[in-house]
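Commentary on secondary and tertiary structure
Each chain is listed here by its residues.
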There are 2 protein chains.
Amino acid sequence: MAIDDQYQIHLQKLTNKEQPVTETIYALGNGHMGVRASNPLQGNSDHYEGNPGLFVNGFYDLSPITYGERYFGYPRNNQTIAQLPDPRFLILEIDGVRSDQTPFRVETIDKNLDMETGLLVETFRITTPKQKMLTLTLQSFMSQSDYHLYVVRYEIRALNFSGKVTLLKQHNYVNQSIPNSNEDVRRAQRHNPLGQVYMPADSPTMLIETQKSQLGILMMFHYLGSDPRMKMVSRNNIPCYEVQLDLTPGKLEQFAFGYSLGNIHALMTVEMGPDFYIKKTLERFHEQNFAKLFEASANHMRHFWQDSDIVIDGDPTLQRGIRFNLFHLYQAAGRDSVTDVPAKGVTGPGYEGHYFWDTEMYMLPFFIYTQPEIAKALLTYRFSILDEARQHAREMGIENGVLYPWRTINGEEASAYYPAGTAQVHINADIAYATDLYIQVTQDMDFLENYGFEMIVSTARFWLAFGNYGEQGKQKNKFVINAVTGPDEYTALVDNNYYTNRMAQNNLFIAVKYAKQLQKENPTKLADLGVNEEEIVAFQTAANKMYLPYDDDLQIKMQDDSSPNRPVFDIANEPRENFPLLLHYHPLVLYRYRVNKQADTLMSDFLFPFDQDEPQLQRDYDYYEKITTHDSSLSRAIFSVLANRIHNPEKAYNYFMDTALMDLTDLQGNSADGIHAANMGGTWLSLIYGFAGMHAGINGLTFDPQFPSEWLFLSFKVKYHKRQIKVAIQRQEVTFTLLVGKPINIFYREQEVELVNSTPVIIHLTGLQV
Amino acid sequence: MAIDDQYQIHLQKLTNKEQPVTETIYALGNGHMGVRASNPLQGNSDHYEGNPGLFVNGFYDLSPITYGERYFGYPRNNQTIAQLPDPRFLILEIDGVRSDQTPFRVETIDKNLDMETGLLVETFRITTPKQKMLTLTLQSFMSQSDYHLYVVRYEIRALNFSGKVTLLKQHNYVNQSIPNSNEDVRRAQRHNPLGQVYMPADSPTMLIETQKSQLGILMMFHYLGSDPRMKMVSRNNIPCYEVQLDLTPGKLEQFAFGYSLGNIHALMTVEMGPDFYIKKTLERFHEQNFAKLFEASANHMRHFWQDSDIVIDGDPTLQRGIRFNLFHLYQAAGRDSVTDVPAKGVTGPGYEGHYFWDTEMYMLPFFIYTQPEIAKALLTYRFSILDEARQHAREMGIENGVLYPWRTINGEEASAYYPAGTAQVHINADIAYATDLYIQVTQDMDFLENYGFEMIVSTARFWLAFGNYGEQGKQKNKFVINAVTGPDEYTALVDNNYYTNRMAQNNLFIAVKYAKQLQKENPTKLADLGVNEEEIVAFQTAANKMYLPYDDDLQIKMQDDSSPNRPVFDIANEPRENFPLLLHYHPLVLYRYRVNKQADTLMSDFLFPFDQDEPQLQRDYDYYEKITTHDSSLSRAIFSVLANRIHNPEKAYNYFMDTALMDLTDLQGNSADGIHAANMGGTWLSLIYGFAGMHAGINGLTFDPQFPSEWLFLSFKVKYHKRQIKVAIQRQEVTFTLLVGKPINIFYREQEVELVNSTPVIIHLTGLQV
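How each quantity is defined
- Residues numbered from 1 in each chain as written.
- Chains lettered and ligands numbered in written order.
- Predicted model: local features only at pLDDT ≥ 70, side-chain atom pairs only at ≥ 80, totals over all residues.
- Pairing = 2+ DSSP bridges.
- Helix = DSSP H or I, 4+ residues; strand = E, 2+ residues; numbered from the N terminus.
- pLDDT = per-residue confidence, 0-100.
- Contact = placed C-beta atoms within 7 Å.
- Nonpolar A, V, L, I, M, F, W, Y, C, P; charged D, E, K, R; others polar.
- Least-squares fit on C-alpha atoms with pLDDT ≥ 70 in both.
- Axes fitted to C-alpha atoms, helices over the stretch in contact; angles between N-to-C directions.
- Parallel < 35°, antiparallel > 145°, perpendicular 65-115°, else oblique.
- Left-handed = near helix turned anticlockwise from the far one by under 90°.
- Expected span 1.5 Å × (residues − 1).

A short note on the sheet that holds strand β8 (residues 97–98) of chain B
All names here are of chain B. As summarised here, the arrangement of the five strands in space is β8-β7-β13-β18-β17, forming an open sheet in which the pairing is antiparallel. Unpaired on one side and paired on the other, β8 and β17 (231–235) mark the two borders of the sheet. With two bridges connecting them, strand β7 (residues 91–94) and β8 associate as antiparallel partners. Within β8, the position partnered with glutamate 93 by the bridge is arginine 98.

Quick word on the confidence of the model for chain A
Residue and element names in this part refer to chain A. Chain-level pLDDT for chain A is 93 on average; 95% of the residues reach the 70-or-more range. In the predicted structure, residues 176–181 sits below a pLDDT of 50 and forms nine contacts with residues beyond four places in sequence or in another chain. Prediction confidence for the complex, expressed as pTM and ipTM, is 0.92 and 0.89 respectively.

What about the pairing of strand β29 (residues 733–740) of chain A?
Residues and elements named next belong to chain A. For strand β28 (residues 723–730) and β29, the ladder comprises six bridges, and the chain directions are antiparallel. Within β29, the position partnered with isoleucine 725 by the bridge is leucine 738. Hairpin connection between β28 and β29: a loop of two residues separates the two successive antiparallel strands. With four bridges connecting them, β29 and strand β32 (residues 761–764) associate as antiparallel partners. The partner of valine 734 across the bridge, within β32, is isoleucine 763.

Brief notes about the interface of chain A and chain B
The partner chain B presents 45 residues to the 45 residues of chain A that form the contact. When the residues that make up the side of chain A that touches chain B are grouped by side-chain class, the tally is 22 nonpolar, 14 polar and nine charged.

Observations concerning the relation of the copies chain A and chain B
Each of the two chain copies goes to the other by way of a rotation about an axis and a shift along it. When chain A is fitted to chain B, the residual RMSD is 0.0 Å, and the transformation amounts to a turn of 180 degrees plus an axial shift of 0.0 Å. Both copies are brought into coincidence by an operation consistent with a two-fold rotation axis. Of every C-alpha in chain A, the one belonging to Tyr67(A) sits nearest the axis of rotation, 2.4 Å from it. In this assembly the copies share their binding face: 100% of the residues contributing to the interface of chain A also contribute to that of chain B.

Focus: the packing of helix α7 (residues 358–370) of chain A against helix α20 (residues 677–691) of chain A
Residue and element names in this part refer to chain A. Their axes nearest at 8 Å, the elements α7 and α20 cross at an angle of 45 degrees. If you check the angle between α7 and α20, you find them oblique. As α7 runs across α20, the sense of the crossing is left-handed. From α7, Asp358, Tyr362, Met363, Pro365 and Phe366 reach across to α20, where they touch Ala677, Ala678, Gly681, Gly682, Trp684 and Leu685. Its residues assigned to classes, the contact of α7 with α20 shows eight nonpolar, two polar and one charged.

Regarding α20(A)
Compared with an ideal rise of 1.5 Å per residue, which puts 15 residues at 21 Å, α20(A) spans 20 Å between its outermost C-alpha atoms and is within 8% of the ideal. Once α20(A) ends, the next one or two residues include Gly693(A), with phi positive near 60 degrees.

Dropping the structure here:
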């Protein structure tokens, strides 16, 4: 079936089939943990070119940051996600030779990921040193219904021999070291050794502890079957499952194992020790098998697609690519309210497993509109680190409010280069923006009162303390924000970055908005947080007087106070191999030029569509497009959305196609380090904010589709104001269907559309490109 | 005698008598090497609170710089001056107990430095574990006539016992390690282990080699005497001199040793190995003794004072303090054309032995006017690193010209924090300024043609490539210089730092000036350097169009484009313990405020006195004084000079008195790490540029004295246009005497003063403060 095929990621279809890249592409995760699609026989051996392992979201270790010159207030510690033992690891013993000691030749025959259910099937051909050949097939899935569970089934058959084969399944110690002199700041900079000890248990169980962050995790695996040949034994003092097989060509042997990972700190909290956890886990595995566990997970996955799928007709590759992005977004997002979305999901050690603004500005819209419970969990994580953010503000000399860390796992700032780290104070306003969007779209007033308002007020307070009123020139009596870095990291420590100021203004405005709302609905809440009339006025005044730099000559929004008098970097004549520029130029070189790593001022045009008319947007777009390298994976999606708004379908389509397939085609050349989660969120933005032209404005939900001629059909669902609405766009018409909830009016452009029941409402389009 | 006493630095007169501070104060040096005034019995032992050692200017090792995040073009290596074995080290053995194994109690009874000759005399009282007491007196000097020679004489006498004492003299291995997690960037950040092996020789000789920079030095010492009891022996396989003494109270024993240090690379060049050097050195020591060696050095020292002394009557403490500064300046400056002046001289490991702009802007005027040969040697060092500076410019994306490193020993950039390092590109213009000053004052046309012009042109070319013409606002069609850091390190990465732009303008102007001069005198030189008419025009145009920010409202020179709209830091209400601010605030905090670490824009007013009239200077002064913390030791001297120019004698005097005695009073609290050499140069500037009002203008040498009421008499000598002129200022008159050279006209204010022969010319003053 055509549709089914578009849920499949076949190895043959990939542009880059190198081991480290396919490990990322086929990584399985569930927000809590992720497993890279390693070569199962080679584990962590030295000659293995891949980077196998398991990552648990938020399970990190600390190590001191060494600075060339350390200054006051610099972060003390790196926070680095731990690379845990690869649960796919398997040992074969044939003719007295063990595959972990004398490497067998392993060829990948096929891989296929079925995104509809989350099942990964991989086939390898194995050749022993004595030329015995076998086929090994792995079927694996990360459970979506039990976040602590990963299941792998090995199928083995002899190809050219009959004879004895021993299958050994044990934990795979991790003992890699990544040198910290790495030249690419986007990659993991270090690897911290882990404490790893075996626990007495009926299945091989390891207690893994970090050295400095004092986190612990219990990792156990259990044989899911009843074959009496399978035995738990001890080999070299290492507990393992062992089965001795008599293979003949054509005969298939099959064994499944379930992995369970339990956070020790969580266990301690409920005063239950490791023994209790081990016992409980074994009980959970009791009478389970691969099929039952899989079905539970696959059902969960199908529910995800039910709400979050996007269907495109007219381009099967794209359809597959979009699903791939949605699938990975779902795999990446923490769902437990104490973790966020690492920039690389749980698919690799890139960016050290840190959380950035990527979550709020690129990924949250997808979750807010299709999986609001996850959006809520992610924002609740931000709430949970308010204390650390308050402390961070104090360290930065700000006596009121909070400053969220630019990059973090545990809530503390982990950026070791503040000009492209802590100076990106816009993170505060980004979090406030997303909080507001969540509340607007979901109408979750509980969240507003118990979490959201405190976050919005605390971030607003930061701006009042951090900014000041200007004394001279255009800035006179305007609220200015100096010495910050905007989203564009090729420009640093500037005054009045447009995006930052506009976002800070929004932060102040929404603080006022909710303060006034709560003054009526829940005045105690205001008192609890010490918000008084005077402060509300101060918020309002600063917002009203916010300085937004504008170039009167060029009639464009100015990126910052410095930009007009900097020379333009000659992107067009720069050799291709010099991109990304940050790997080929000293920061001081880039900072001196007008050159953007990514959308910066345009991010503001993107987020606030009613700030400017179309001619203004066109000018901004033309100006900034010329100076943008898109060296950041966060750039093209925004350009795609804006190209739609200026009715340039060709650009919109081209930018979108680059971003939609970024990891599948290894566009940035570094998918090996993990997926580009923000860009995957960007794909959703491009489609829904861009091509479907969706916007949650003051009046309500509006659609203004710009349908590319390449497609026949685009359909998706969104949740809004406790409804679920299906939108289906074709060349000549758009169909809205109210799937869940009470009647609601939405908008097609300025035209009000009444959705009263589940009957589709069809609007015939006139203005769409054909 | 009163005058003689003012050449003495008595221990009793010091404010801070702690061991690490007195080690610096009494450090002896000769530009090539320096020895800290350690406790001689305790050497490098663990419980020793001091920081003993010998430093050889330019003898450094490399170690990799570790960055939290490394970016393209960052310097790879630290360059750290090596801390060599302390040559004062001595072992006493009494009752079978050795002072290096079981520490003896050592009390400092007295120290006195005779600056006139350079002789340091120190007396210690030593108490053994068995309560035997001795007096140990060290007489030592660093030879000024033989740069490789240091001499120390030990005098020992028993106080309360008669008995045997063994005196052992051996090399003192260095095995210290300074942790690199240091919180104060001004201190040495690390200590690299040295290779140390004994060489076969007739005196104890050690070959000391660095690990990575591949430098080597031979260090030997020789007994300077003929006492037959003195024997060279081997103890624990360590060669040493040993003498067994029978002490009785009142009986004095005396032994002198000469140390010689030879650079191995220099030896290799002339194809003479270590053996040859050892032989030559021993020959040199032959028939030498303490007195002869001392006399040669003391004579040299007396010559120094002849040309460089400043006499002040009315304040003996100040007189002593000024001599102390001049003495240390002389000790600090490399004289071999391949070394510069380390920021801490050769008195300590602070700032890792690096050379900064301190040399050119604070110390060179003293040398240019009183020791021009040393000035020439120092500028020749800068010439010798032109290739590295060219390479550095390329790394910073500049295709033409050179960029001098902000801090260096070997010519490569060693700054690990570019916002307060490489971004201080004004270093280029500073070096050009000093080169021009040297040529103006000395009329050394050979230097201009062979060294100076290339330096001036190469630095001027940098500005053309680094800056650009502005497109908007006040900067439109003006030459702008963006994203730089000026002298004030509390403000970083700004556009159009006034000082930088003004200095770059000067750099371009003098490039044009000398290009035009050489067009007539030596056109080949221009061709050699590829200087053509077009380039000269480009220099001239950029200089003419240089943007110099000015605040029209406040009518002051603006520090940079950003400053007017930043809030003023409340210095007055900041707790005293929070200074220096850089140790108590994150850079992002300081950068957001109007607060200066040191004179920045005022440095321009200081260097270019004819740029502004007195009312303008007054406004600039008042404005910047309010926002300056003087956290840098480079600040107060400039304020003192300018206070004289605005006829504020009280401020001029107070700032001067703070700076004149900075190290003697440990004003900054970190003299332990080494002297503040730039501030010592600043003392000379305060006196000569400030109180004497000297300026080398276009017309010639001008004096405009502002004589403080506290003094009776100020006199000094300067060399100018191949003359030497003595200037003596009293309350009512100033006397000029032509000591050397042909007749010359100088100026008292606008009044021309003819000096035709050695007859003093007395000018009666009317306008001076009394």
